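# Architecture at a glance
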Amino acid sequence: EPEVTQTPSHQVTQMGQEVILRCVPISNHLYFYWYRQILGQKVEFLVSFYNNEISEKSEIFDDQFSVERPDGSNFTLKIRSTKLEDSAMYFCASSNLGGGANTGELFFGEGSRLTVL
Amino acid sequence: AQSVAQPEDQVNVAEGNPLTVKCTYSVSGNPYLFWYVQYPNRGLQFLLKYITGDNLVKGSYGFEAEFNKSQTSFHLKKPSALVSDSALYFCAVSLSGGYNKLIFGAGTRLAVHP
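In what follows, the accompanying structure is described. (Residues numbered from 1 in each chain as written. Chains lettered and ligands numbered in written order. Predicted model: local features only at pLDDT ≥ 70, side-chain atom pairs only at ≥ 80, totals over all residues. Heavy atoms only, no water.)

## Remarks on the pattern of salt bridges
Scanning the model with the defined rule gives six salt bridges over all chains in all. A salt bridge links B:R42 to A:E110; the shortest N-O distance between them is 2.8 Å. Taken together, the positions of B:R42 in the loop between β5 (31–38) and β6 (44–50) and A:E110 in the loop between β10 (107–108) and β11 (112–116) put the pair across two chains. Exposure remark for B:R42: the relative accessible area of 38% places this residue in the partly exposed category. (Salt bridge = Lys/Arg side-chain N within 4 Å of Asp/Glu carboxyl O. Helix = DSSP H or I, 4+ residues; strand = E, 2+ residues; numbered from the N terminus. Buried < 20%, exposed > 50% of the residue type's maximum accessible area, 1.4 Å probe, protein only.)

In structure tokens:
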């Protein structure tokens, strides 16, 4: 069964360092997402991406965050200068259906745990 | 503002008994409703969704959920629980027309005891 894969599974970094989290979505999917879950809290939407541009982003997704699809397979989340409060589990997701009447389910990766010291 | 509430942090049920995990939502507009499950050290897995049509929707692993518009609820149910159903369950809502931006509830931990 096709799946979304994420690397690294766990990254520890110092505050102020740049971090890149990588995701390989399911190959025929067109819509890509990042969510995050701070320990013990809700899963929160960060950003959606379609046709090589951001479709929607949340208030959390400020100028420190960026996303990119550098090639035909990878989808990355970059945090330019990490803060302590960026420590969380980051989930990548993809889907092959857009919004509206064709809203479909998202396929999530297993997550990348980011710890900022 | 859109929101999802899962009033129970944990639900305990004996194996073989029916289970219910509660979810209520608050949105303006037509909601699309979802249930996801998270097993330990795994990502979220889709269980079922309500978009339109029959209020009772059936999903994976024998789960079903009933959309109740008047009570703004979408409770997850299963007639006979299994120990392997023990996991973290998330209710989520999306607005029609969105690019699958999901608003998640806080999650409910289901513990099924032998």
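Moving on from the model shown.
## With respect to the layout of surface pockets
As a volume, the largest pocket reaches approximately 1100 Å³. Forming the boundary of the largest pocket are 42 residues, of which B:Q38, B:Y39, B:R42, B:G43 and B:L44 lie nearest the centre. Secondary-structure elements contributing two or more residues to the lining of the largest pocket are β1 (5–7), β9 (88–95) and β10 of chain A together with β6 and β10 (87–95) of chain B. When the residues that make up the lining of the largest pocket are grouped by side-chain class, the tally is 18 nonpolar, 15 polar and nine charged. Volume-wise, the second largest pocket comes out at about 200 Å³. With three residues, strand β5 (residues 43–50) of chain A is the largest single contributor of residues to the lining of the second largest pocket. Grouping the amino acids of the lining of the second largest pocket by side-chain chemistry returns six nonpolar, one polar and five charged. (1 Å grid on protein atoms, 1.4 Å probe; cavity = no way out; pocket = protein on both sides within 12 Å on 5 of 7 lines; lining within 4 Å. Points joined across faces, edges and corners; volume = space filled by probe spheres on them. Nonpolar A, V, L, I, M, F, W, Y, C, P; charged D, E, K, R; others polar.)

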